[in-house]
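Listed below are the residues making up each chain.
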Amino acid sequence: MNKLQAMEVFIQVVDCGSFTRAAEMLDLPKATVSTLIQSLESALAVKLLHRTTRQVMITSDGAAYYERCVQILSDVRDAEESLSRHRLSPSGRLRVDTPTGLSSEILVPALPGFFERYPDITLELGSTDRPVDLVEEGVDCAVRGGELVDPNLIARRIGVINFVTCASPDYIARYGMPQHPRDLERHRCVNYFSARTGKIAKWDFTRDGERIEVALAGQIALNDSNAYVHAGLAGLGIIMMTDYLLAGHIAAGRIVPVLPEWRMDPLPVHVVYPQNRHLSAKVRVFVEWISELFANHPHLRLQAPRPLAHAAQTAAQAV
C-alpha cells in the first residue's frame, strides 16, 4: 500500500463525504478508493470511517488522523516544491470560480498576461453568480463579493466593488429622470435575485449620511450580471450594477447615470479557498496575480475613488 496515496484518498473521502465523489475527484475507480481505505484501517488497526448506504461519517479516531494527514501531506508538498522548479514555474490544473461579470469583463481579458507568466498552468474558470461549494465541487479557489459567512474558508481581501444606477436614454426620454430614490417607486426597475435564496435584492442608497432602502416592484428580475446589464441597455428599466460593467456603456452614451449623488455601499471582494486545503504553488501565484490585477484596476482597487461620480453627474445634467 502506498501510504501517502492512501492518506490523500482518505482526506478526499472526508472532504467529499462520499466514496463515489472522492473517486471522481481523484480520477480513480471507486473500488480502488474503498480498498485503500480498508488497507489504511487495517494497517492502523482503527476504524476511520462509519459507512452506510446513504452517508460516510468520520470516527473520532478518524478525525484525529485526518488532521495529521493534512499536515503531513502539506509538509511533503512544501518539501517537494522547495526542491523543484514548481515554485518558480507552477504547473497543473487550477480550478477557479468567479462571478459572471467579473469573469467576462476583468479576468478573461487579462488572462494572456497570466499564461505568459505561468505557461504550465491549465486553468478551468467557472463563471457563475451562484455561490459554489469549493470542497464539494473540487474548486481550488474562488472570487467572491460581499461579506463572508463561511468559517471554513480562508480569505484574502483583494478589492472593492462600487455600484452605479443607470437607465437607457430611451427609457429616460419616455419616463423621465428620477430626482430622489423614492421616485423609483413610480418607475420601472430591473430587479436582481439571489441564485442561492431566490430573494429579490433591495436597493440601498446613501447621501451625506442619509440612508434609504427601497424594495421595488418590477416586471423582470434576473440573476446573471451580464443579462442584467443588457436588460438596462434594452430599456427594460432602471438598473443598479457594478461600475466596471457599466463604465464603457456610460462613456459610449448607451446608458445614462441616474441619481448620481446617491450611492450604494461598496462590496468587499475576496479570493477564498478551503482552510483544510494545502495552498499549492499554482493557487498561491493565482492569488498574487489577481491581487495585482485588482490593485491596478481603477474601479476595483481597495479604497478606490468613486470613478463614475463626476461622469454620472455630468451625464445626468445633460439629459
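Residues numbered from 1 in each chain as written. Predicted model: local features only at pLDDT ≥ 70, side-chain atom pairs only at ≥ 80, totals over all residues. Heavy atoms only, no water.

Caption draft 1: The overall build of the protein, seen in detail. Scanning the protein for helices and strands turns up 10 helices and 14 strands. With the C-alpha coordinates aligned to their principal axes, the bounding extent of the protein is approximately 75 × 45 × 35 Å. Evaluated residue by residue, the protein yields a buried proportion of 44% over its 319 residues. For the protein, the proportion of contacts with a sequence separation of at least 24, taken over those separated by at least 6, is 75%. Accessible surface, the protein: about 16,300 Å² in total, of which carbon and sulfur atoms supply 50%. Taken as two groups, the 33 positive and 36 negative side-chain charges of the protein have centres that lie 2 Å from each other. (Helix = DSSP H or I, 4+ residues; strand = E, 2+ residues; numbered from the N terminus. Buried < 20%, exposed > 50% of the residue type's maximum accessible area, 1.4 Å probe, protein only. Contact = heavy atoms within 4.5 Å. Areas by Shrake-Rupley, 256 points an atom, 1.4 Å probe, with all protein chains shown as cover. Lys, Arg positive; Asp, Glu negative; His and termini not counted. Charge placed at Lys NZ, Arg CZ, Asp CG, Glu CD.)

Caption draft 2: Layout of the nonpolar core. The biggest cluster of nonpolar side chains holds 57 residues, and the ones touching the most others in it are L184, W203, F205, L246, F286, W289 and I290. If near-sequence neighbours (up to four positions away) are discounted, I290 is found in contact with L107, V143 and I158. Core analysis: the next-biggest nonpolar cluster, separate from the first, contains 21 residues, A23, L40, L48 and Y66 among them. (Core = buried A, V, L, I, M, F, W, Y, C linked by side-chain atoms within 4.5 Å.)

Caption draft 3: Fine view of the pairing of strand β7 (residues 163-167). With 5 of its 5 residues buried, β7 lies for the most part within the structure. Both faces of β7 are covered, namely the face carrying F163, T165 and A167 and the face carrying V164 and C166. Bridge count for β7 against strand β12 (residues 239-242) is 4 bridges, and the pairing is antiparallel. Note that in β12 the partner of C166 across the bridge is I239. (Pairing = 2+ DSSP bridges.)

Caption draft 4: Fine view of unusual backbone geometry. Phi at D27 takes a positive value of approximately 55 degrees, unusual for a residue other than glycine. With respect to the secondary-structure elements, D27 resides in the loop between α2 (19-26) and α3 (30-44). Take D27: its relative accessible area is 69%, and that puts it in the exposed class. One non-glycine residue, L259, adopts positive backbone phi at about 50 degrees. On the secondary structure map, L259 appears in the loop between β13 (256-257) and β14 (267-274). In this structure L259 comes out as buried when scored by relative accessible area, which is 4%.

Caption draft 5: Representation of the packing of helix α1 (residues 3-16) against α2 in the model. Contact geometry for α1 and α2: axes closest at 8 Å, N-to-C directions at 125 degrees. As summarised for this structure, α1 and α2 are arranged oblique, according to the angle between their axes. By crossing handedness, the relation of α1 to α2 is classed as right-handed. Contacts from V9, Q12, V13 and C16 in α1 reach F19, R21, A22, M25 and L26 in α2. Within the contact of α1 with α2, the residues separate by chemical class into 7 nonpolar, 1 polar and 1 charged. (Axes fitted to C-alpha atoms, helices over the stretch in contact; angles between N-to-C directions. Parallel < 35°, antiparallel > 145°, perpendicular 65-115°, else oblique. Left-handed = near helix turned anticlockwise from the far one by under 90°. Nonpolar A, V, L, I, M, F, W, Y, C, P; charged D, E, K, R; others polar.)

Caption draft 6: Structural context of the packing of aromatic side chains. Within the structure shown, the criterion is met by 10 aromatic pairs. Aromatic side chains F10 and Y66 sit 6.4 Å apart centroid to centroid with 70 degrees between the ring planes, which places their arrangement in the edge-to-face category. Of this pair, F10 sits in helix α1 while Y66 sits in helix α4 (residues 60-82), placing them 56 residues apart in sequence. Of the two residues, F10 and Y66, both sit in the buried class. Each member of the aromatic cluster is reached from another via a ring pair, and the members are F114, F115, Y118, F286 and W289. (Phe/Tyr/Trp six-rings, centres within 6.5 Å; stacked < 30°, edge-to-face > 60°.)

Caption draft 7: Up close: the environment of I37. Structurally, the position occupied by I37 is in helix α3. Judged by relative accessible area, I37 falls into the buried class, the value being 0%. Along the primary structure I37 and M7 are separated by 30 residues, whereas in three dimensions their C-alpha atoms are 8.5 Å apart. In this view, I37 contacts V9, F10, F19, L49 and R51; residues no more than four positions away in its chain are not counted.

Caption draft 8: Just the environment of L300, in detail. Mapping L300 onto the fold places it in the loop between α9 (281-295) and α10 (309-318). Judged by its relative accessible area of 0%, L300 falls in the buried class. Between the alpha carbons of L300 and T128 there is a distance of 19 Å; along the sequence they are 172 residues apart. Residues in contact with L300, not counting those within four places in the same chain, are L102, I106, I158, G159, V160, I161, Y244 and F294.

Caption draft 9: Representation of the sheet that holds β7. Strand order in the open sheet made by the 3 strands is β12-β7-β13, with antiparallel pairing throughout. Taken across any chain shown, the strands that pair with only one partner, and hence form the sheet edges, are β12 and β13. Helix α8 (residues 243-251) rests against β7, β12 and β13 of the sheet, and its axis sits at about 110 degrees to β12.

Caption draft 10: Quick look at empty space enclosed by the protein. For the structure shown, the criterion picks out 1 cavity of 30 Å³ or more. Size it by volume and the largest cavity reaches roughly 50 Å³. Counting residues per element, the lining of the largest cavity draws most heavily on β7, which supplies 3 residues. Its residues assigned to classes, the lining of the largest cavity comprises 9 nonpolar, 1 polar and 1 charged. (1 Å grid on protein atoms, 1.4 Å probe; cavity = no way out; pocket = protein on both sides within 12 Å on 5 of 7 lines; lining within 4 Å. Points joined across faces, edges and corners; volume = space filled by probe spheres on them.)

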